[in-house]
Amino acid sequence: METPGQSVAEAYVAMYGRPAEGVWSAPGRINLIGEHTDYNRGMCLPIALSQRAWLAAGRREDDRLRLASLDLGETVEVALDEIGPGNPPNWAAYLAGVVWAMREAGLTVGGLNAVLSSQVPIGSGLSSSAAIEGCIAVAADALFDLGLTKDDTGRARLAALCQRAENHIVGAPTGGLDQTASLRAPAGMALLIDFDKLDAVGLPSARPVPFDPAADGLILLVINTLAPHANVDGQYAARRAACEAAAVKLGVTSLRAIDLDGLPDALEKFQSEAQVRAVRHIVTENARVVEAVAALQARDWVSFGQLMTAAQASQRDDYRISCPQSDLTCEVAVANGALGARQTGGGFGGCVIALVPLPKVGDVSDAVTKAYDAQGWPHPDIFRA
Ligand code: ADP
Ligand code: MG
């Protein structure tokens, strides 16, 4: 069977009449815990996925980008100096935006031909967007000999540029979790990202944490609810704005300044129930990330699972970014033997992750599928991370 890398390489030859200079890839991610904390200078704990985006690319003589997505069957061309907010529109903005951000940062990046294909399902909370940003970032890094992928500091810079592309050119006000996970998470480990601990040039600290459920007979099951999620609609931006307004009201630079001890006093400052809920989610979620890291270090999967389930309750009841499909999936998974379950990603649908003892994987999968049948929902897509 043809690998995704071969498919984009062959499509490149068919499109441009000569071989690509190389094929690059970057993974999607699962955020284990720590949701919507990134833009609050908080903590999160992602893993990189084996599903990746692949990009065959080669340099051009002129200052243009020609970008093809095999998955969408579309090709878009744009001049480098015409890239800006809204141009090119839609999916090509994620790729062109990264080149724009690299050039804005003073890096020498010129015209490119590129062919993209991705194994990361689009809009499922597994960050197909960071995967495609990451692969053009590493492609441009190699083709223009920038040397940034060689060490973690360079990768952190690339992640920040990918985030800038998504914020400024795509127009999605996302934090840096996804791009950091895609470009900096090591294989076989989770990555504790702390957006409050910055290095000398202001990039977030990221530290590997052991994560090997299989070694203890557990599977991280991914259940794609197929409820669509999007970070470019107003809900994500509204959550972010609510947090920023709450920080202003509390007189702090970010909600990270509030810890569990300070939470009761902080909450008294708000009349609006929505603000109380938002602040409570962010503060308790940061505390859960710290506990989750301790649980992983102790290989205490029962506690880790309980923290996942508590995080789901918080994003359902307080932050209100869950959806009926995710709620039901988590409930049914836990009722059928999962140690814990939560929706992962920006919210309002996408994928649920469940930590399941190997002998229970069949039970959980069957029970969730039956529950969807009872609701008349299309069957979820279930796979092992
Ligand atoms: P997520 O990152 O959770 O998958 P987003 O809404 O952040 O969801 O990003 C999804 C967007 O990324 C898609 O709507 C599309 O514009 C772009 N994208 C992702 N994968 C591809 C692909 N294979 N081809 C073209 N565009 C893609
Ligand atoms: Mg995304």
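Described in the following lines is the structure provided in the data block. (Residues numbered from 1 in each chain as written. Chains lettered and ligands numbered in written order. Predicted model: local features only at pLDDT ≥ 70, side-chain atom pairs only at ≥ 80, totals over all residues. Heavy atoms only, no water.)

1. What about the overall build of the protein?
Logical step 1: Looking only at helices and strands, one finds 11 helices and 11 strands in the protein.
Logical step 2: What you see for the protein is a C-alpha radius of gyration of 21 Å, in line with the 21 Å of a compact globule of 385 residues.
Logical step 3: Oriented by its inertia axes, the alpha-carbon framework of the protein measures out at about 60 × 50 × 40 Å.
Logical step 4: Going through the 385 residues of the protein one by one, you find that 56% of them count as buried.
Logical step 5: Taking the contacts inside the protein whose residues are at least 6 apart along the sequence as the reference set, 70% of them involve residues at least 24 apart.
Logical step 6: Of the charged side chains in the protein, 31 are positive and 44 negative; the average position of the first set lies 2 Å away from that of the second. (Helix = DSSP H or I, 4+ residues; strand = E, 2+ residues; numbered from the N terminus. Rg over C-alpha atoms; globule rule 2.2 N^0.38 Å. Buried < 20%, exposed > 50% of the residue type's maximum accessible area, 1.4 Å probe, protein only. Contact = heavy atoms within 4.5 Å. Lys, Arg positive; Asp, Glu negative; His and termini not counted. Charge placed at Lys NZ, Arg CZ, Asp CG, Glu CD.)

2. As for the nonpolar core
Logical step 1: Judged by nonpolar contacts, the single largest core of 76 residues is most densely connected at Leu 32, Leu 45 and Phe 304.
Logical step 2: Broken down by element, this core gets its largest block of residues, 10 residues, from helix H2 (residues 92-104).
Logical step 3: Within the second largest apolar cluster, 19 residues are counted, among which are Leu 255, Leu 267, Phe 270 and Ile 321. (Core = buried A, V, L, I, M, F, W, Y, C linked by side-chain atoms within 4.5 Å.)

3. Considering the pairing of strand S1 (residues 22-33)
Logical step 1: Of all 12 residues in S1, 10 are buried; the element is thus mostly enclosed.
Logical step 2: Summarising the sheet, S1 and strand S2 (residues 43-59) pair through 10 bridges and their orientation is antiparallel. Within S2, the residue paired with Pro 27 across the bridge is Arg 52. (Pairing = 2+ DSSP bridges.)

4. Points about the pairing of strand S9 (residues 340-343)
Logical step 1: Here S9 shows a buried face lined by Gly 340 and Arg 342 and a second buried face lined by Ala 341 and Gln 343.
Logical step 2: Relative to strand S10 (residues 351-357), S9 runs antiparallel, the two sharing four bridges. Looking at S10, one finds that Gly 340 is bridged to Leu 355.

5. Overview of helix H3 (residues 128-143)
Logical step 1: With 16 residues, H3 should cover 22 Å at 1.5 Å per step; its first-to-last C-alpha distance of 23 Å lies within 8% of that length.
Logical step 2: Counting buried positions along H3 gives 15 out of 16 residues, so the element sits mostly inside the fold.
Logical step 3: Of the residues one or two after H3, Asp 145 is the one with positive phi, at around 55°. (Expected span 1.5 Å × (residues − 1).)

6. Things to note about the sheet that holds S10
Logical step 1: Strand order in this open sheet of four strands is S9-S10-S8-S11, and the pairing throughout is antiparallel. In this open sheet, the two strands that pair with only one neighbour each are S9 and strand S11 (381-384). With strand direction ignored, the average angle separating the axes of adjacent strands in the sheet is 20°.
Logical step 2: In the packing of helix H9 (residues 301-318) onto the sheet, contacts are made with strand S8 (218-224), S9 and S10, and the angle to S9 comes to roughly 35°. (Axes fitted to C-alpha atoms, helices over the stretch in contact; angles between N-to-C directions.)

7. Brief notes about the side chain of Thr 344
Logical step 1: Take Thr 344: it is sitting in the loop between S9 and S10.
Logical step 2: Reaching out from Thr 344, the side chain makes a polar contact with the backbone oxygen of Asn 31 at a distance of 2.8 Å.
Logical step 3: Contact partners of Thr 344, with chain neighbours within four places excluded, come to Arg 29, Ile 30, Asn 31, Glu 35, Gly 125, Leu 126, Cys 351 and Ile 353. (Polar contact = N/O pair within 3.5 Å; in protein donor to acceptor, adjacent residues only side chain to side chain.)

8. Section: unusual backbone geometry
Logical step 1: Residues Asn 87 and Pro 88 are joined by a peptide bond in cis, for which omega reads -5°.
Logical step 2: Tracing the chain through its elements places Pro 88 in the loop between strand S4 (74-79) and H2.
Logical step 3: If you check the backbone angles, His 36 has positive phi at about 65° while not being a glycine.
Logical step 4: On the secondary structure map, His 36 appears in the loop between S1 and S2.
Logical step 5: The phi torsion at Arg 320 lies on the positive side, around 55°, for a residue other than glycine.
Logical step 6: Take Arg 320: it is sitting in the loop between H9 and helix H10 (324-335).

9. Regarding the packing of H3 against helix H4 (residues 152-170)
Logical step 1: It is the contact of H3 with H4, at a shortest axis distance of 10 Å, that shows an interaxial angle of 125°. Classed by the angle they form, the pair H3 and H4 counts as oblique. Both H3 and H4 take part in a crossing whose hand is right-handed. Seen from H3, the contacting residues are Ser 129, Glu 133, Gly 134, Ala 137 and Asp 141; seen from H4, they are Leu 158, Cys 162 and Glu 166.
Logical step 2: Taken together, the residues that form the contact of H3 with H4 break down as three nonpolar, two polar and three charged. (Parallel < 35°, antiparallel > 145°, perpendicular 65-115°, else oblique. Left-handed = near helix turned anticlockwise from the far one by under 90°. Nonpolar A, V, L, I, M, F, W, Y, C, P; charged D, E, K, R; others polar.)

Distances and angles like these do not, on their own, reveal function.
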